[in-house]
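# Commentary on secondary and tertiary structure
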There are 2 protein chains.
Amino acid sequence: MNVTPLTSPLSPEAFLDRTRYPVDEWEISEKQFDESDLGRSESIFTTGNGYLGMRGNHEEGHEHQEHGTFINGLHETFPILHAEQAYGFAQVGQTIVNAPDAKTIRLYVDDEPLSLRDSELLHYDRTLNFTEGTLKRSLIWMTPSGKKVLVQSERMVSFAERHLAVLTFTVTMLEGNAPIAISCQLLNRQDGKDEYGVFNKKDDLEFDPRKTNSFTDRVLQPQIFWQDGPRSMLSYRVARSGMTVAVGADHYVESEADVVERSSIDGDIAKHVFRLQATEGQSVTVTKVVSYHSSPSVPARELVDRCRRTLDRVETEGVSLQFDKQREWLSEYWERSDVTVEGNPAVQQAIRWNLFQLAQASARAEGHGIPAKGLTGSGYSGHYFWDTEIYVLPYLTYTSPRFARNALRFRYNMLPAARRRAVDLNERGALFPWRTISGEEASAYYAAGTAQFHIDADITYALAKYVSATNDDEFLAREGVDVVVETARMWTDLGFWRHSGDETFHIHGVTGPDEYTTVVNDNLFTNVMARFNLEYAVNTVRRLAATRPEEYAQMANRLNLDENEVLEWSHAARSMNIPFDEHLGIHPQDAHFLEREVWDLENTPASMRPLLLHYHPLVIYRFQVLKQADVVLAMLLQGEYFTEEQKLANFEYYDPITTGDSTLSAVVQSIIAAEVGYHELALHYFHNALFVDLADLHNNTSDGVHVASTGGTWSALVFGFGGMKDHRGHISFDPRLPKSWTKLSFKMTIRGTRLRITVTQDSIEFEVEDGDSVSVSVRGQSVTLTSAAPVTVALDGQGPRRSGAPSARDLRDNRRADGTLITQSVPHL
Amino acid sequence: MNVTPLTSPLSPEAFLDRTRYPVDEWEISEKQFDESDLGRSESIFTTGNGYLGMRGNHEEGHEHQEHGTFINGLHETFPILHAEQAYGFAQVGQTIVNAPDAKTIRLYVDDEPLSLRDSELLHYDRTLNFTEGTLKRSLIWMTPSGKKVLVQSERMVSFAERHLAVLTFTVTMLEGNAPIAISCQLLNRQDGKDEYGVFNKKDDLEFDPRKTNSFTDRVLQPQIFWQDGPRSMLSYRVARSGMTVAVGADHYVESEADVVERSSIDGDIAKHVFRLQATEGQSVTVTKVVSYHSSPSVPARELVDRCRRTLDRVETEGVSLQFDKQREWLSEYWERSDVTVEGNPAVQQAIRWNLFQLAQASARAEGHGIPAKGLTGSGYSGHYFWDTEIYVLPYLTYTSPRFARNALRFRYNMLPAARRRAVDLNERGALFPWRTISGEEASAYYAAGTAQFHIDADITYALAKYVSATNDDEFLAREGVDVVVETARMWTDLGFWRHSGDETFHIHGVTGPDEYTTVVNDNLFTNVMARFNLEYAVNTVRRLAATRPEEYAQMANRLNLDENEVLEWSHAARSMNIPFDEHLGIHPQDAHFLEREVWDLENTPASMRPLLLHYHPLVIYRFQVLKQADVVLAMLLQGEYFTEEQKLANFEYYDPITTGDSTLSAVVQSIIAAEVGYHELALHYFHNALFVDLADLHNNTSDGVHVASTGGTWSALVFGFGGMKDHRGHISFDPRLPKSWTKLSFKMTIRGTRLRITVTQDSIEFEVEDGDSVSVSVRGQSVTLTSAAPVTVALDGQGPRRSGAPSARDLRDNRRADGTLITQSVPHL
């Protein structure tokens, strides 16, 4: 095996400009305003709760890359215009709507507007705090006439009250007297205009398939809107989808000076303008309490009433209580979720930012999915993908199982649409859409969309893990089983039998997670996961029959299930074709993957990366080259089916031909690198994932945070370095701490018992923080954990250790069992 | 081998309702007006010359399925809106424009309009005559007040003058006196409105990928327009493509009665209205002489001048001379092109209609391609495909080589665009677009478009056949060689080497002609044709170096060609991987075709055909099921590389899994069926091709005539039943007359010598009609033909004869060399 030395990896410190973004373990601050990368900071400083997201736009609303206020599930539809049509192509597109903006608060001093670009700022500071759950900004503005004004604002999207956001804006005259005006707005930015004209102008000629599309017709149709004293209300119907949304705001003012209020409203904008004559030392604070409600169908009138009730309650409870609830909620969150890495504050900060993003993306989604970008940007049109199940749900399952349950119930509610989609594709059972908001398939490019049938198994996988980690058989028996059965059905209908001595079951014409090869036969990942899906269906149905006969009978009747079908699942699972190349000792990514020419990545110029933005799909699809490594992911999800030798050989084969052009790649490479002994490579990949958005490593953080990667960083910490595995409910640990780490500590709740687990270079310690007892194993040794006392297990090292990184096999190494040698090249430039 | 009896085939008589469409060997007549299938008759009764096409719309312009006047190459462009974008996807769509309509002539008697739907017609007759080259219509109209009016019209698009069309309209009062008005129009039907409102309203929700798309914005922007006495002129600029078009018309009137003329014009319509008071027995004739000119770029002003010159010339020469020239032109055409089948007038009529369509599609294309629908309809957006080279050029090459040369020069002129497209796909050399008008790729669905790299070889193939049949080395040396070299270059860059004892050359990620499997590896058709392309390039370059050293040197310099590259072509050609399955004795359609599940066509309901309109591509692509048989086509084009046994085995394997959902399928199946001995099946397929449009067998003749199929019927007659082969310039015959045919006779020009070849059940006769001498062979026996006397060679039968048709192999037969048995099924409904 050739080995490439790791180029000296960036230290975590160095990923960010630390004068601008200093290290702090519990918050992230920005110390300079820089207009050149507004998009990144807007994503990074988003506040949200899984239901409502406010992108980190500045209050002034002028300097911006993309204004964004997102309500999970609030979307518009549009007819997909296929350049060439074919039967069964998705016909209706879905895209998240820019909900009315309540963030905008403009300041005028001496009738001059505050402008981050043009005004002289003596001080600038913006901080997202992970325990307060607030975004605070503090500026000192020296006006052209030499006056000094302190401008402080705070923004909170409430975890405790998902329809609630609170914004405060305080202006203090540090030097000089001046007239001050504060203009608070509710503004339809999807269709309307503000003082600075049209927003979100995108260059239509720019090409990036990962971005969203835009509308030219009016999307938000004004319904009821009114003002009543300090309260404003706007409501809309979304033109084609028929959804409704309402936003209401109350305004509270405090000042020593006399404040005059004037308000105005039309269908697209509500304004409350507060004017005062401030003398030096005086200040004014405007507090804006905002409520959003949305619905697929109820009239705007009803939503207006709901907003009113939220606002009335806050009026009664008081604003400061809302901030208290936020702290309390987050305190509990960190109590069950925190991960610490000793002596590494830059890593610690980034970990907490990632975990905070997971709360912001998922906590209060309740009834909706978790979009690929959370509620931080409009990338991927706000769609839900398989990322949720494979990258986010492991974290939620082991730390906030209720959030995981909500995400799974959302999939259960999508079953009718998934059944319809299966019919479109001539399959039995259910086929979950590759990308969707409403539950209907919105993927217009089947090769890297509809053909990813594996999503059915991914959903069942997440469900199985959740049930195993929680013992929530109630949910499984009542709802989950329908997902399990209908997905198993899809697999037996999709595949077919080949009889050759033994019978083998084959699945053709599918795309695995790796989108650099598409529509292939017997994709290893797909077949491994389909086998899991079928086995789990058999076991679930059998267990249900044995333990809950009444619910079993109801289910069998509801789903028209008979024993023959269960036997067929079992037979197909046992006979599933799992491609393996004896000579190389590796699992080909698909039946014919190894027959492809090898892309010479080492000699591909950096300017041609990512490949998808520089090569036609037909070029990429011809080669052995990966966006992310399917087989490596299969080894993570179904590790018990691979030997240690296979894991090492597979990793060493695929790692050098994996571009990592997908942000889903690095975390998985990290976990398996750690398992097979490439600890430092694992750390390298981990850093790439940890800082993918904070350091904008893929140059598209402006479209929103890569939520799957935030989930993956937790998986890399716990499954990778922590070496935790959950094979069929059996929890085991085999840690892989990098050399430079002295201590890794994480929380995990298993069947109601919350553990704190601490890995050092020579031991692993378990402490039961809450609940009774749980049994786990450490490197084969069984350990029973109780609340009586912590348990420490000594470790003899951190597994095998290999240096550097596997390097691309030269042609000699690429000789196959049949003696074939395949050329390696870079497509002609 | 299982055999399915042929269901008693339809007699040629029975394909059409013979009371409506009586049999006549030299024309096709319609004896009843039937509004229910206007689309079909509009296509069938088109008049055209390859440059200008007038769809068979009725003069009144009211009852219609689609109005159509097409000028070859006159197109509009539009941005392709990809539902999901990727690098290298075609960005600009092209679609043929509906040129201003000069066909419309409305008649009013007693101020009542003649309406085919509402008026009482005592007589109706419409005839397209293949020797006159005219479409004539004759009606007797009984008006509501009981008057009888004879209405005769004639329409000719001139073969002799490609910018010219002549229309006459004669009204005779058979009984009664009445005021008559005849309104002649030039009308922009692309954007304008006529008396009956908007035309060509299509149901946007209707789904058929084979149809064209429509515009909502104005396409034809009026430029200069004027009237001057009996002359009208309209001209336009096409909005986005910037092309220009002008149409002018002169009007001549003859009548015993006094005729008053009034004319009017605006940017979208020019009218000349002729009024008279006709008494019984009187008649009036209006003759409309029309000229069209179009250009990619010259100003409309210049085109108007060109129209004027055409009209002036006709004014000088007289109208009747134009009809004489038309007859003369067609007389020469039939002299060198006719095919006769003795004693079978229904077949004879259909053959001549097909051959007439070929003239109408290609004769005066000159500088343009031959669209898939000719100039008969807007199907496939007026695009040019590989159909031209493989289905139409054989006929032109052997009967009207000048037309073939023009079509090949058109491809030569596309080389710069093809070089650009190769760069988009990271290939060297040239990649011809899958579908185009302008030369740029317009295929927006790469799987069944861009991936069909075989088009490069198809073009070189047609060029090679043309050069071989004409000895036009001049063209080859000066222009053709550039196509040959640049296409060969593309193949060596696209493919790659596998070293395994011997080196083999592989081509991955391509789609063959069969669009029911896409993006496959080592597609047999593609590899066989690429091998041809490479070999021909080697031979051409070598021959050029030997015979025309100066031109060789220029070419080598122009194309930067060195000897190493030629050696690489030669090496790749010799090492080309040609998939073959030893056990089945067949050539798999691609490397992994035989691993697919087999689609059970016999048990697929007719309501689910064609498959492409009822199954998602992902479903179809998973199966062994064909739209058209690639391997069978390869055996036609490169027959010398297949043994007789292989031909039989391949045909018997593929025929039962071929749906024939493409009209390109039947003719090829017919030819190879005849060669391997299924004469009656060959006849069955031949009839299906011969009547595909006349009997609307694919239910889409309304979109236009299937020009490839018309060319294919000639191939089926000559290559199939006539058994003619041209292997590397060696012409041979091995006839396969069906039992029911007594005599087949056809013309063929080989290297300047025109032959008449007559096949009977026991002989083949050659007569040199023009030119010197030529050598051919008959079943291995060499024959030299001279103008001295006809030569007759006795035939011992018509080759092997097998009954019925091959039937789908049952599972036993489907066992492969490795013992594998694959299931057979119909996708779940």
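Attention now goes to the overall build of chain A. Counting its secondary structure elements, chain A contains 18 helices and 36 strands. For 829 residues, the compact-globule estimate of 2.2 N^0.38 gives 28 Å, and chain A sits close to it at 27 Å. Out of the 829 residues belonging to chain A, those deemed buried represent 65%. Accessible area for chain A stands at about 27200 Å²; split by element, carbon and sulfur atoms hold 47% of it. If you average the places of the 80 positive and of the 114 negative side-chain charges in chain A, the two averages end up 2 Å apart.

The next point concerns the nonpolar core. In this structure, Phe733(A) and Phe733(B) are the most contacted members of the largest nonpolar core, which totals 390 residues. Excluding residues within four positions of it along the chain, Phe733(B) makes contact with Gly722(B), Gly723(B), Met724(B), Phe746(B), Met748(B), Ile757(B), Ile764(B), Phe766(B), Val776(B), Ser777(B), Val778(B) and Arg779(B). Ranked by size, the runner-up nonpolar core spans 49 residues in total, among them Val149(B), Leu167(B), Phe274(B) and Leu276(B).

With that settled, the discussion passes to the relation of the copies chain A and chain B. Here chain A sits on chain B after a turn of 180° about the axis and a move of 0.0 Å along it, with an RMSD of 0.0 Å. What the rotation and shift describe, once combined, is the action of a two-fold rotation axis. Comparing interface residues between copies, 100% of those in chain A also sit at the interface in chain B, which points to an isologous, same-surface contact.

Opposite the 61 residues of chain A that make contact, chain B presents 63 residues. Taking both sides of the interface into account, the surface hidden between chain A and chain B amounts to around 5200 Å²; carbon and sulfur atoms contribute 61%. By the criterion of area lost to chain B, the three top residues of chain A are Tyr87(A), Leu618(A) and Arg622(A), representing 14% of everything that side buries. Between chain A and chain B we count 4 salt bridges in total. Note that Glu84(B) and Arg435(A) form a salt bridge whose closest N and O atoms lie 3.8 Å from each other. On inspection of chain A and its partner chain B, the count reaches 13 residue pairs in polar contact (both at pLDDT 80 or more). Listed by contribution, the elements that provide at least two residues to the side of chain A that touches chain B are helix 7 (415-424), helix 9 (473-494), strand 22 (496-500), helix 13 (617-621) and strand 35 (821-822) of chain A. Of all the elements, strand 22 of chain A adds the most residues to the side of chain A that touches chain B, at 5 residues. Considered class by class, the residues forming the side of chain A that touches chain B number 30 nonpolar, 17 polar and 14 charged. Bridge count for strand 35 of chain A against strand 22 (residues 496-500) of chain B is 2 bridges, and the pairing is antiparallel. Residue pairing for strand 22 of chain B: Ile822(A) is matched across the bridge by Arg498(B).

Let us look at the sheet that holds strand 4 (residues 52-54) of chain A. By way of backbone hydrogen bonds, the strands of a sheet pair with one another, either parallel or antiparallel. An order of 3-4-5 (chain A) is seen for the 3 strands of this open sheet, with the pairing classed as antiparallel. Pairing within the sheet leaves two strands with one partner each, and these edge strands are strand 3 (47-48) and strand 5 (69-71) of chain A.

All names here are of chain B. Spatial ordering of the open sheet is given by 25-24-36, a layout of 3 strands whose pairing is parallel. Two strands in the sheet have a free side with no partner beyond their single neighbour: strand 25 (623-624) and strand 36 (824-825). Sheet topology note: the strand 24 (residues 597-599)/strand 25 ladder contains 2 bridges and is parallel. Bridge pairing in strand 25 links Glu597 to Phe623.

So, about the packing of aromatic side chains. Residue and element names in this part refer to chain A. One pass over the full model with this rule turns up 72 aromatic pairs over all chains. Pairing Trp329 with Tyr333 gives two aromatic rings, centres 5.6 Å apart and planes at 15°, and the pair type is stacked. Here the residue Trp329 and the residue Tyr333 both occupy positions in helix 3 (residues 319-337), the gap between them amounting to 4 residues, near one helical turn. Residue classification places Tyr333 among the buried residues on the basis of a relative accessible area of 1%. Here Tyr380 and Phe385 contribute two aromatic rings whose centre-to-centre distance is 5.5 Å and whose plane-to-plane angle is 75°, an arrangement assigned as edge-to-face. Among the aromatic residues, those joined into a cluster by ring pairs are Trp26, Phe130, Phe159, Trp329, Tyr333, Trp334, Phe356 and Phe403. Above the plane of the ring of Trp26 lies Arg352, whose end atom (NZ or CZ) is 3.5 Å from the centre.

Here we take up the packing of helix 9 (residues 473-494) of chain B against helix 11 (residues 549-559) of chain B. All names here are of chain B. Across the interface, helix 9 lies against helix 11 with an axial gap of 11 Å and an inter-helix angle of 45°. The pairing of helix 9 with helix 11 is recorded here as oblique in orientation. When the axes of helix 9 and helix 11 are compared, the crossing they make is right-handed. Residue-level inspection shows Ala477, Arg478, Val481, Asp482, Val485, Glu486 and Arg489 of helix 9 in contact with helix 11, the latter providing Glu551, Met555, Arg558 and Leu559. Its residues assigned to classes, the contact of helix 9 with helix 11 shows 5 nonpolar, no polar and 6 charged.

For an α-helix, 3.6 residues make a turn, and residues three or four places apart therefore share a direction. Residues and elements named next belong to chain B. For helix 14 (residues 630-637), a buried count of 7 out of 8 residues is recorded, marking the element as mostly surrounded by other parts of the structure. Here helix 14 has its buried residues at Asp630, Val631, Val632, Leu633, Ala634, Met635 and Leu637. Where helix 14 is buried, its residues touch helix 5 (387-399), helix 8 (455-470), helix 10 (524-547), helix 15 (644-654) and helix 16 (665-676).

In this section: the environment of Thr604(B). Residue and element names in this part refer to chain B. Summarising the element assignment, Thr604 is placed in the loop between strand 24 and helix 13 (617-621). Owing to a relative accessible area of 8%, Thr604 belongs among the buried residues under this scheme. Counting along the chain gives 223 residues from Thr604 to Pro827, while the straight-line C-alpha distance between them is 8.8 Å. Within polar-contact distance, the side chain of Thr604 engages the side chain of Trp599 at 2.8 Å. Polar side-chain contacts of Thr604 include one of 2.9 Å to the backbone oxygen of Asp600.

We now examine the pairing of strand 29 (residues 753-760) of chain A. Residues and elements named next belong to chain A. With respect to burial, strand 29 is a largely interior element, 7 of its 8 residues being buried. Two strands pair when backbone bridges link them, and strand 28 (residues 743-750) and strand 29 are joined in this way by 8 bridges, in the antiparallel orientation. The residue bridging Leu744 from the neighbouring strand is Val759, located in strand 29. Linking two consecutive strands that pair antiparallel, namely strand 28 and strand 29, is a turn of 2 residues; a positive phi of about 45° is found at Arg751 within it. Bridge analysis of strand 29 against strand 30 (residues 763-770) gives 6 bridges, and the strand direction is antiparallel. Along strand 30, the bridge assignment pairs Ile757 with Phe766. In textbook terms, the turn of a hairpin is the stretch between consecutive antiparallel strands, and for strand 29 and strand 30 this stretch comprises 2 residues.

It is worth spelling out the pattern of salt bridges at this point. This model, assessed by the stated rule, comprises 128 salt bridges over all chains. Salt-bridge contacts for Arg306(B) lead to Glu302(B); the nearest nitrogen and oxygen are separated by 2.8 Å. Pair noted here: Arg306(B) and Glu302(B) are both in helix 2 (residues 300-317), with a separation of 4 residues, about one helical turn. Looking at Arg306(B), the relative accessible area reads 27%, which means it is partly exposed. Through salt bridges with shared partners, one network takes in Arg20(A), Glu30(A), Asp34(A), Asp37(A), Arg40(A) and Arg126(A).

Next up on the list: the state of the cysteines. Residue and element names in this part refer to chain A. Using the criterion set out here, one finds 0 disulfides over all chains in the structure. No disulfide involves Cys184; its nearest neighbouring cysteine sulfur is the one of Cys307, lying 17 Å away. Exposure remark for Cys307: the relative accessible area of 0% places this residue in the buried category.

Cut-offs applied
- Residues numbered from 1 in each chain as written.
- Chains lettered and ligands numbered in written order.
- Predicted model: local features only at pLDDT ≥ 70, side-chain atom pairs only at ≥ 80, totals over all residues.
- Heavy atoms only, no water.
- Helix = DSSP H or I, 4+ residues; strand = E, 2+ residues; numbered from the N terminus.
- Rg over C-alpha atoms; globule rule 2.2 N^0.38 Å.
- Buried < 20%, exposed > 50% of the residue type's maximum accessible area, 1.4 Å probe, protein only.
- Areas by Shrake-Rupley, 256 points an atom, 1.4 Å probe, with all protein chains shown as cover.
- Lys, Arg positive; Asp, Glu negative; His and termini not counted.
- Charge placed at Lys NZ, Arg CZ, Asp CG, Glu CD.
- Core = buried A, V, L, I, M, F, W, Y, C linked by side-chain atoms within 4.5 Å.
- Contact = heavy atoms within 4.5 Å.
- Least-squares fit on C-alpha atoms with pLDDT ≥ 70 in both.
- Buried area = accessible area lost by both parts, 1.4 Å probe.
- Salt bridge = Lys/Arg side-chain N within 4 Å of Asp/Glu carboxyl O.
- Polar contact = N/O pair within 3.5 Å; in protein donor to acceptor, adjacent residues only side chain to side chain.
- Nonpolar A, V, L, I, M, F, W, Y, C, P; charged D, E, K, R; others polar.
- Pairing = 2+ DSSP bridges.
- Phe/Tyr/Trp six-rings, centres within 6.5 Å; stacked < 30°, edge-to-face > 60°.
- Lys NZ or Arg CZ within 6 Å of the ring centre and 35° of its normal.
- Axes fitted to C-alpha atoms, helices over the stretch in contact; angles between N-to-C directions.
- Parallel < 35°, antiparallel > 145°, perpendicular 65-115°, else oblique.
- Left-handed = near helix turned anticlockwise from the far one by under 90°.
- Disulfide = S-S within 2.5 Å.

Remember that the coordinates give geometry; whether it matters functionally is a separate question.
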